[in-house]
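# Per-entry structural report
For reference, the chains in residue letters:
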Amino acid sequence: MLIINYKHMSNDKIRLILITIVSITLFATIILYSFLSVSKREIHAGGLLPILIPLIVIAFMAFFIVRRYKDIKQGMPLEDERSRKVITKASALSFQFSLYWLLAISWFEPFFAKVLFNGEKLDASQTVGGGVAGMAVFFVVFWLYYNQKGQLN
């Protein structure tokens with residue numbers, strides 16, 4: 001027997017609307033940043049990182065929003081035990097991989113600086129941007145893996 005809690009449903013809808021608004025705002029900011037970068041002719045391989053990181057996040061959020069909207073329409077909660085477990089497992093594994101990613105950035109800093117920015121060293125914002133980009137990619141990959149996996153232990 002399915003019991004629907006209407007107060008819970010309205011909170012889920014509000015949360016989903018807020019997530020959508022934040023995602024659209026992030027997308028608008030990236031469009032503005034891209035336009036300003038192109039107008040200043042600051043386009044190079046390293047200059048794409050500040051654009052790619054939020055675009056990865058936006059793509060993930062668009063998938064999440066559409067999927068959760070369909071679930072809410074069918075009367076399902078925004079979060080259930082399995083979705084929390086998927087996020088927890090993906091977060092834990094992406095954290096571990098991110099530590100190695102940050103270590104790789106520090107070991108191969110001259111390589112990344114030369115290839116991406118045509119320089120000798122990375123500055124703080126470039127290093128942080130690369131670290132955050134790696135973390136986002138790891139999380140998305142592990143979330144997709146665990147979400148597609150049938151049984152979670």
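Below, the discussion takes up the overall build of the chain. Across its full length, the chain carries five helices and zero strands. Starting at the N terminus, the α and β elements of the chain follow one another as α-α-α-α-α. Residues counted as buried form 29% of the 153 residues belonging to the chain. As presented, the chain carries roughly 10800 Å² of accessible surface, and 69% of it is formed by carbon and sulfur atoms.

This part is about helix α5 (residues 124-148). With 25 residues, α5 should reach 36 Å at 1.5 Å per residue; the first-to-last C-alpha distance of 36 Å fits that figure. Taken residue by residue, α5 has G129, G130, G131, A133, G134, A136, V140, F142, W143, Y146 and N147 as its buried positions. Taken together, the buried residues of α5 touch α2 (49-73) and α3 (81-107).

Right, let's talk about the packing of aromatic side chains for a bit. Scanning all chains against the criterion turns up nine aromatic pairs. Between F63 and W143, the ring centres sit 5.8 Å apart and the planes meet at 80 degrees, which makes this aromatic pair edge-to-face. You can see F63 sitting in helix α2 and its partner W143 sitting in helix α5, a full 80 residues away along the chain. The partly exposed category is assigned to F63, whose relative accessible area is 38%. Classification of W143 as buried rests on a relative accessible area of 5%. Aromatic ring contacts, followed pair by pair, group F60, F63, F139 and W143 into a single cluster.

Moving on to the packing of α2 against α5. Between α2 and α5, the least distance of the axes is 9 Å, while the angle of their chain directions is 25 degrees. It follows from the interaxial angle that α2 and α5 lie roughly parallel. Like other packed secondary-structure pairs, α2 and α5 cross with a definite hand, here left-handed. Residues L49, I53, I56, V57, F60, F63 and R67 of α2 form the contact with α5, whose own contacting residues are G129, G130, V132, A133, A136, V137, F139, V140, W143 and N147.

All right, on to the environment of K149 then. When you line up the elements, K149 lands in the segment after α5. For K149, a relative accessible area of 31% corresponds to the partly exposed category. Spatially, the C-alpha atom of K149 lies 9.3 Å from that of V86, the residues being 63 residues apart in sequence.

What counts as what
- Residues numbered from 1 in each chain as written.
- Predicted model: local features only at pLDDT ≥ 70, side-chain atom pairs only at ≥ 80, totals over all residues.
- Heavy atoms only, no water.
- Helix = DSSP H or I, 4+ residues; strand = E, 2+ residues; numbered from the N terminus.
- Buried < 20%, exposed > 50% of the residue type's maximum accessible area, 1.4 Å probe, protein only.
- Areas by Shrake-Rupley, 256 points an atom, 1.4 Å probe, with all protein chains shown as cover.
- Expected span 1.5 Å × (residues − 1).
- Contact = heavy atoms within 4.5 Å.
- Phe/Tyr/Trp six-rings, centres within 6.5 Å; stacked < 30°, edge-to-face > 60°.
- Axes fitted to C-alpha atoms, helices over the stretch in contact; angles between N-to-C directions.
- Parallel < 35°, antiparallel > 145°, perpendicular 65-115°, else oblique.
- Left-handed = near helix turned anticlockwise from the far one by under 90°.

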